[in-house]
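The lines below spell out each chain.
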Amino acid sequence: MGVTVAELSDGLRRLGLGEASEVVVHSSLSAFGYVDGGAEAVCAALAEVCGTVLMPAGTWDLTGLPAPPGMVRPRNAFWNAGSWPEFDEKLSEATSFRVDLPVDRWLGRIPETFRQTRDPLRSEHPLFSYQAAGPAAERILAAQRPDWPLGPIEALDGDVLLLGVTHTSNTTIHLAEQYLGRSRFYRYAKSADGLWVEYPNVPGASHMFDAIEPVLRPATKEVRIGQARVRRIPKQAVLDATRDLIESDPTALLCTDDPTCRCAAALQQRLAAWEPL
């Protein structure tokens, strides 16, 4: 016997979630062990318990491009096509953004299953789209602009829900970083009209984000569902904790031993933008 929809729903309710809840969900299906009904069961439990569910729905694997030749942004930590013929080839191979594109597989099976089975609304950022279902979905997704991909998280009035994943998946930390002038990168994609477009404020690396866990522990509610560690953290607590860490130490939540990592570029952005807060 695996984890059932009823057990999933019960676990979410034990976290205090209900029909008024707004949650941004980051997830791993495999973390639960065997789930009776697979990713669709997880989506059904989220829809049953929570009021509005927001999930990432990025498509950078299909729409993403290198930077065009000669376009160099300082502290951008990205690669340029070596020539215009090379860039044009990448452009021809990329997919023009459509709202029915599958979610990047790197995000896991649950977001793609949510897209297929729950009829969510979806924003139209060619790299960092989000999807949402529930009464606040339209309001939350309307906050995203081409120059502000993390707008849906900013508009969310609720909690971060980590389903079997660590804070390395917690994109709300990136929002706090960007408020403080770091992790604001330029990236490139094939838009819906088939042209290449530059998009600002794309977030950077997150592999050191789990260092925030001890700080957030007092604000975290946690249950075990199957084999998965499931956590609910108020969005504002994540923003406040990230701000406090970075204001105390500009290198917080970054690696400092790899000059080729985006962490190094994010730190330089922060130092360039720094002024007493």
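Residues numbered from 1 in each chain as written. Predicted model: local features only at pLDDT ≥ 70, side-chain atom pairs only at ≥ 80, totals over all residues. Heavy atoms only, no water.

(A) Seen up close, the overall build of the protein. When helices and strands are counted, the protein shows 11 helices and 10 strands. Here the C-alpha atoms of the protein give a radius of gyration of 19 Å, agreeing with the 19 Å that 2.2 N^0.38 yields for 277 residues. Dimensions of the protein, computed from C-alpha atoms along their principal axes, come out at roughly 55 × 45 × 35 Å. For the protein, the proportion of its 277 residues judged to be buried stands at 53%. Counting only contacts in the protein whose residues sit at least 6 apart along the sequence, the fraction spanning at least 24 positions is 70%. Counting only carbon and sulfur atoms, one obtains 51% of the accessible surface of the protein, whose full area is about 12,400 Å². In the protein, 27 positive and 35 negative side-chain charges are present, and the distance between their average locations comes to 2 Å. (Helix = DSSP H or I, 4+ residues; strand = E, 2+ residues; numbered from the N terminus. Rg over C-alpha atoms; globule rule 2.2 N^0.38 Å. Buried < 20%, exposed > 50% of the residue type's maximum accessible area, 1.4 Å probe, protein only. Contact = heavy atoms within 4.5 Å. Areas by Shrake-Rupley, 256 points an atom, 1.4 Å probe, with all protein chains shown as cover. Lys, Arg positive; Asp, Glu negative; His and termini not counted. Charge placed at Lys NZ, Arg CZ, Asp CG, Glu CD.)

(B) Quick look at the pairing of strand β10 (residues 228-234). With 5 of 7 residues buried, β10 lies mostly within the body of the structure. Where strand β6 (residues 159-163) and β10 come together, 5 bridges link them in antiparallel fashion. Considered in β10, the bridge of aspartate 159 is made with proline 234. Joining the antiparallel neighbours strand β9 (residues 221-225) and β10 is a turn of 2 residues, in which glycine 226 adopts a positive phi near 60°. (Pairing = 2+ DSSP bridges.)

(C) Structural view of the sheet that holds β6. One open sheet accounts for 7 strands, arranged β4-β5-β2-β1-β6-β10-β9; its pairing is mixed. Because the sheet does not close on itself, it has two edges, and the strands there are β4 (121-122) and β9. The strands touched by helix α5 (residues 109-117) within the sheet are β1 (22-27), β2 (52-56), β4 and β5 (130-133), with β2 carrying the most contacts at an inclination of about 125°. (Axes fitted to C-alpha atoms, helices over the stretch in contact; angles between N-to-C directions.)

(D) Representation of helix α8 (residues 172-179). In terms of burial, α8 is a largely internal element, 7 of the 8 residues being buried. Among the residues making up α8, those that are buried are Thr172, Ile173, His174, Leu175, Ala176, Glu177 and Gln178. In this structure, the buried side of α8 is in contact with β1, α7 (151-155), β6, β8 (196-202) and α10 (235-248).

(E) Up close: the sheet that holds strand β3 (residues 64-65). Spatially, 3 strands are ordered β3-β7-β8 in an open sheet, and the strand pairing comes out antiparallel. Two strands lie at the open edges of the sheet, namely β3 and β8, each paired on one side alone.

(F) Geometry of the pattern of salt bridges. This structure, assessed with the given rule, holds 14 salt bridges. For glutamate 213, the salt bridge goes to arginine 231, with nearest N and O atoms at 3.4 Å. Taken together, the residues span a long stretch of sequence, with glutamate 213 in helix α9 (residues 213-216) and arginine 231 in strand β10 at a distance of 18 residues. Judged by its relative accessible area of 14%, glutamate 213 falls in the buried class. On the accessibility criterion, arginine 231 (3% relative accessible area) is buried. Through salt bridges that share partners, Glu213, Glu222, Arg229 and Arg231 make up one connected network. (Salt bridge = Lys/Arg side-chain N within 4 Å of Asp/Glu carboxyl O.)

Note that every value here comes from positions in space, so none of it alone points to a role or purpose.
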